[in-house]
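Here's the letter readout for the chains.
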Amino acid sequence: MAFRVVHYINQFYAGIGGEEKADHQPEIREGVVGPGAAFKGAFKADAEIVATVICGDSYFASNLEEATAKIIDLIKPFKPDAFVAGPAFNAGRYGTACGAICEAVSKQLGIPVVSGMYPENPGVDMFKKSHYIIETPDSAAGMRKAVPAMAALLMKLLKKEPLGKPEEEGYIERGIRKNKFYDKLAAERCVDMFVAKLKGLPFETEYKMPVFDRVLPQPAVKDMKNAVIAIVTSGGIVPKGNPDRIEASSASKYGEYDITGVDDLSSDGYRTAHGGYDATYADEDSDRVIPVDVLRDMEKEGVIKKLHNKFYSTVGNGTAVASSARFGAEIADKLVADGVTAVILTST
Amino acid sequence: MRLELHRLFVKDLKFGDKTGFANGTLTINKKELLNLISEDPLLGKNLDVDLAIPGDSTRIMPVKDVIEPRWKIEGKGQVFPGTLSDVETVGEGKTLVLTGAAVLTTGTLVRFQEGIIDMSGPGADYTPYSKTCNIALVLEPADPEMDKHDYEKACRIAGLKAAAYLAQCCAEVPAEKVDVFEHANIREAMGAHPGLPKVGYLYMLQTQGLLHDTYLYGVDVKQILPTILSPLEVMDGAIVSGNCVSACDKNSSYVHLNNPIIANMMKRHGQDFNFVTCIITNENVTLADKRRSSSYATKLAAMLGLDGVIISEEGFGNPDADLVMNCQKAEKQGIKTALLTDEYAGQDGASQSLADSCVEGDACVTAGNANEVIHLPPMEKVIGYPEEANVIAGGWEGSLAEDGSITVELQAITGATSELGYTKLGAYTI
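Residues numbered from 1 in each chain as written. Chains lettered and ligands numbered in written order. Predicted model: local features only at pLDDT ≥ 70, side-chain atom pairs only at ≥ 80, totals over all residues. Heavy atoms only, no water.

Novice: Could you give an account of the overall build of chain B, with specific residues and numbers?
Specialist: On a plain count of helices and strands, chain B comes out with nine helices and 26 strands. In terms of C-alpha radius of gyration, chain B reaches 21 Å, essentially the compact-globule figure of 22 Å for 430 residues. When each of the 430 residues of chain B is scored for burial, the buried share is 65%. When contacts within chain B are restricted to residue pairs at least 6 apart in sequence, those whose partners lie at least 24 apart make up 79%. (Helix = DSSP H or I, 4+ residues; strand = E, 2+ residues; numbered from the N terminus. Rg over C-alpha atoms; globule rule 2.2 N^0.38 Å. Buried < 20%, exposed > 50% of the residue type's maximum accessible area, 1.4 Å probe, protein only. Contact = heavy atoms within 4.5 Å.)

Shown next as structure tokens:
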């Protein structure tokens, strides 16, 4: 039996009109519309387009959530096995809509999704992590190239066939690392690569070195006397018993702990949840990781105005940059709301 | 230098009256082995020895170290010098190896930094130690409140003692196979193989405290300056592991003995390059130490006139800085590098894999993303303590399900992303 596919296109490719019709509200039609005909040819008997969703680019862009919800509702009754959007080539709003709806369908319906865009389409950077985007030429002249590649990738996903590297399958690199078992030990692969490099022969690194977001330190606090200082740590200090069960590695959360009236972190009350360093000394005296004792002294001496009554703690061990960035943003919002003026960040 | 490894191939284990080897089976006198490890007053009264064979429905956790049974039958020194035996250097003569057998240290957790070994099922595909016949020492401390460094040492020594004892008891059995390894001294090496590039192996050892330490001839490696070492010394037990935190990418004593980078470099020696020496370096926690050790290690490579080095990292995060410094400083002196590391790209694989980076690291092999999640179905038998899955590095509250299955990141599986490259796992970008 053929797989059931729903196709998403904009008002232009549906033949409704150009910019003047870009506020066209979402609708669904049974069967193939516009470029769907090309997909029909590419799918042969393996899959059929059971319905086509049409939405104006402006309408989608200005009603993102509503349009997405509406489209999901329109799709559901057709019980699709897969979803395909575009190709959008270099059309920015169309690409963004294809990306957003593919992401939503993938998340909410849990079915394979594919779109197609020109690498410089803004939808690529926004949505490449969420789904496979086939690399297309920059204009509709490339339809004949784009559609067969999109159809082939979708069929592979539907048949749960293993996918090759981006250049083998024609999709834009998503920047997601996937494990696989090679034929050779990693040690042997490394010696092979070493020999190729020594001899000046071509070789392909297995991991391109990452480019980092470098965060510049803020300027020094000038008026310490009026500073409200908070402590935030990736060193894992938590009340004994680790009430939030923060993981020893690859933390999925952070904790917020009240230190009102606490002048000194004793081994009776505090521990580290961190699994990545010799924790003996942090467990003996957690002030070694977050200097509550010294800051309380400074508070009494009037060097600082106040030590914030909450500290924030997570485990920085093997924790993904994406998780850290989320924790950081949330913690910063809370600190600002609480009137904190400066933060001491400690790691281990 | 010439080392002969006299191999007996262990395919099965059983308990019996006399410890010894016959017809592929290693028989173990349990009482004698228990008496030996019980000598240590730092270990408790309830010690046990258990066995696990490849394919068994058995889970062993939390595992601290894995050690291959070896005993020197000819030549100076003895296995695990400076830690178990006297400090005499090793790497020459004849050493008996019980190939296919491994001693595991398990039992009461030292700290939530130890690993899991499944003998069958999906987890077994990831750990190299599902393919060995395992003698598991189930240990506990004499006093639950005792210093954890002392307990760690007691566990480490117990494993080495058991490994040496098992091989010693088989010393009279003629070898089934003899592998001969030779390695030239520096003067000979400098004149040998004209036209081939001279290369070394920059062997990074993690040295960051409890359960993060490594020992060279019994010396805590965090206290050394980088030094040179013959690959044959490594094969004869000069390096001992005290390291198992996030057990996926920590080098067990077993994998030091069987270092596959050294094995592959020895294989290509004389054909593709001239393998001159190993250079051992540490991964300490302070910036000054990192800078000193990376400058010194790469200086040794330059002093020896090496054209290239393979660099293997141990661990992740903090040691990524050591890896990058070693790579950058070598390349800046014209020494070509290839790197072996693993990755922490998040459970979804979408974050950066390393904590530090340099453009010179253009030849990098990876042993996989350690954050990837795996489901380990229940096993009929568990040696050790399964509830530790909820706290060990790579697990979380709820990792152990009621049916005994465990959901964890690969980082909890011993040796799964070995940065000595002892598995076939790798990663690619989609």
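Novice: Summarise the domain arrangement of chain A; cite the residues concerned and give the values.
Specialist: Under the domain assignment used here, chain A contains domain 1 (3–169) and domain 2 (224–346). For domain 1 of chain A and domain 2 of chain A, the distance between their C-alpha centres works out to 46 Å. (Domains from an automatic or database assignment.)

Novice: I'd like a rundown of the packing of aromatic side chains, residues and numbers included.
Specialist: Throughout the structure, instances matching the rule amount to 15 aromatic pairs over all chains. For the ring pair A:Phe194 and B:Phe273, a centre distance of 6.0 Å and an interplane angle of 55 degrees mean the geometry is tilted. Residue A:Phe194 is found in helix α8 (residues 186–199), and its partner B:Phe273 is found in the loop between α7 (260–268) and β19 (274–283); the two belong to separate chains. Each member of the pair, A:Phe194 together with B:Phe273, is buried. Between B:Tyr129 and B:Tyr254, the aromatic rings sit 5.5 Å apart at their centres with planes inclined by 85 degrees, giving edge-to-face as the arrangement. Of the two residues, B:Tyr129 is situated in the loop between α2 (122–126) and β12 (133–139) and B:Tyr254 in helix α6 (residues 253–257); the sequence distance between them amounts to 125 residues. Taken together, the ring pairs connect A:Phe12, A:Tyr13 and A:Tyr94 into an aromatic cluster. (Phe/Tyr/Trp six-rings, centres within 6.5 Å; stacked < 30°, edge-to-face > 60°.)

Novice: Explain the interface of chain A and chain B residue by residue, including any values.
Specialist: Listed by partner, the interface residues are 63 residues for chain A and 80 residues for chain B. For the pair chain A and chain B, the summed buried surface comes to about 5900 Å²; carbon and sulfur atoms form 59% of the total. At the boundary of chain A and chain B, one finds six salt bridges. Among the salt bridges present, the one from B:Glu397 reaches A:Arg245, with a minimum N-O distance of 3.1 Å. Among the elements of the structure, β7 (177–181), α8, α9 (280–284) and α11 (321–337) of chain A are those that each provide at least two residues to the side of chain A that touches chain B. (Buried area = accessible area lost by both parts, 1.4 Å probe. Salt bridge = Lys/Arg side-chain N within 4 Å of Asp/Glu carboxyl O.)

Novice: Can you explain the pattern of salt bridges? Please cite residues and give values.
Specialist: Under the counting rule described, the total for this entry stands at 40 salt bridges over all chains. Where A:Arg296 meets A:Glu299, a salt bridge forms, and the shortest distance between an N and an O atom there is 3.0 Å. Here A:Arg296 pairs with A:Glu299, and both are found in helix α10 (residues 292–301), just three residues apart, close to one helical turn. By relative accessible area, which is 8% here, A:Arg296 ends up buried. Members of the salt-bridge network, linked through shared partners, are A:Lys184, A:Asp192, A:Lys199, B:Arg268 and B:Asp272.

Novice: Outline the side chain of B:Glu409, listing residues and values.
Specialist: Along the polypeptide, B:Glu409 turns up in strand β25 (residues 406–409). Buried charged residue B:Glu409 carries no salt bridge. Nearest counter-charge: B:Lys250, at 11 Å. There is a polar contact of 2.5 Å between the side chain of B:Glu409 and the side chain of A:Ser250. Those residues in contact with B:Glu409 that lie beyond four places of it in its chain are A:Ser250, B:Gln347, B:Ala370, B:Asn371, B:Glu372, B:Val373, B:Gly394 and B:Trp396. (Lys, Arg positive; Asp, Glu negative; His and termini not counted. Polar contact = N/O pair within 3.5 Å; in protein donor to acceptor, adjacent residues only side chain to side chain.)

Novice: Describe in detail the packing of helix α1 (residues 36–43) of chain A against helix α6 (residues 143–158) of chain A, supporting the description with residues and values.
Specialist: Residue and element names in this part refer to chain A. Between α1 and α6, whose axes approach to 9 Å, the crossing angle comes to 55 degrees. Here α1 is positioned oblique relative to α6, judged by the angle of their axes. Note that α1 runs across α6; the crossing there is right-handed. Residue-level contacts link Ala 38, Phe 39, Ala 42 and Phe 43 of α1 to Val 147, Pro 148, Met 150, Ala 151, Leu 154 and Met 155 of α6. (Axes fitted to C-alpha atoms, helices over the stretch in contact; angles between N-to-C directions. Parallel < 35°, antiparallel > 145°, perpendicular 65-115°, else oblique. Left-handed = near helix turned anticlockwise from the far one by under 90°.)

Novice: Help me get a handle on the nonpolar core, residues and values and all.
Specialist: Core analysis: the largest hydrophobic core is formed by 64 residues, its most contacted members being A:Tyr8, A:Phe43, A:Phe60 and A:Phe83. The biggest single contributor to this core is α6(A), with 10 residues. (Core = buried A, V, L, I, M, F, W, Y, C linked by side-chain atoms within 4.5 Å.)

Novice: Give a detailed account of helix α3 (residues 148–168) of chain B, specifying residues and quantitative values.
Specialist: Residue and element names in this part refer to chain B. Its 21 residues give α3 an end-to-end C-alpha distance of 30 Å, which sits within 8% of 30 Å, the value for a rise of 1.5 Å per residue. Counting buried positions along α3 gives 16 out of 21 residues, so the element sits mostly inside the fold. Measuring from the side-chain oxygen of the N-cap residue of α3 to the backbone nitrogen of His 149 gives 2.8 Å; that N-cap residue is Asp 147. (Expected span 1.5 Å × (residues − 1).)

Novice: With reference to specific residues and values, describe α11(A).
Specialist: Given 3.6 residues per helical turn, the α-helix brings residues three or four places apart onto the same face. All names here are of chain A. Over its 17 residues, α11 runs 24 Å from end to end, which matches the ideal 24 Å to within 8%, given 1.5 Å per residue. Restricting attention to buried positions, one finds in α11 the residues Ser 323, Phe 327, Ile 331 and Leu 335. Along the axis of α11, the buried positions cluster into a sector of 95 degrees, meaning they face one direction only. In α11, the exposed positions that point more than 90 degrees away from the buried face belong to Asp 333, Val 336 and Ala 337. Tucked inside the fold, the buried residues of α11 contact β8 (228–233), β12 (306–313) and β13 (342–346). Just past α11, the residue Gly 339 takes up positive phi, approximately 80 degrees. (Arc of directions from axis to C-beta.)

Novice: How would you summarise the sheet that holds strand β24 (residues 381–384) of chain B if you had to cite specific residues and measurements?
Specialist: Residue and element names in this part refer to chain B. Taking strand neighbours across the sheet as the criterion, the three strands line up as β11-β6-β24 in an open arrangement whose pairing is mixed. Taken across any chain shown, the strands that pair with only one partner, and hence form the sheet edges, are β11 (115–118) and β24. Mean inter-strand twist for the sheet, computed between neighbouring axes without regard to direction, equals 20 degrees. Across three bridges, the pairing between strand β6 (residues 58–63) and β11 is antiparallel. Each bridged residue has a counterpart across the sheet, and for Val 63 the counterpart in β11 is Gly 115. (Pairing = 2+ DSSP bridges.)

Novice: Go over unusual backbone geometry with me, naming the residues and quoting the values.
Specialist: A:Pro87 follows A:Gly86 through a cis peptide bond whose omega is 5 degrees. Here A:Pro87 shows up in strand β4 (residues 82–89). With an omega of -5 degrees, the peptide bond running from B:Met61 to B:Pro62 counts as cis. When you line up the elements, B:Pro62 lands in strand β6. One non-glycine residue, B:Leu211, lies in the positive phi region at around 60 degrees. Summarising the element assignment, B:Leu211 is placed in the loop between β14 (198–206) and β15 (212–216). The buried category is assigned to B:Leu211, whose relative accessible area is 0%.

Novice: If you had to explain the sheet that holds β4(A) to someone new, which residues and values would you point to?
Specialist: Residues and elements named next belong to chain A. Strand order in the open sheet formed by six strands is β2-β3-β1-β4-β5-β6, and the pairing between neighbours is mixed. One side of each edge strand has no neighbouring strand; the edge strands of this open sheet are β2 (27–30) and β6 (132–135). For this sheet the average axis-to-axis angle between neighbouring strands, irrespective of direction, equals 25 degrees. Bridging between strand β5 (residues 113–117) and β6 involves four bridges; their strand directions are parallel. Its bridge partner lying in β6, Val 114 is registered against Tyr 132. Across the face of the sheet, helix α4 (residues 92–109) comes into contact with β1 (3–10), β4 and β5 while running at roughly 165 degrees to β4. Lying over the sheet, α6 contacts β1, β3 (47–55), β4, β5 and β6, oriented at roughly 155 degrees with respect to β4.

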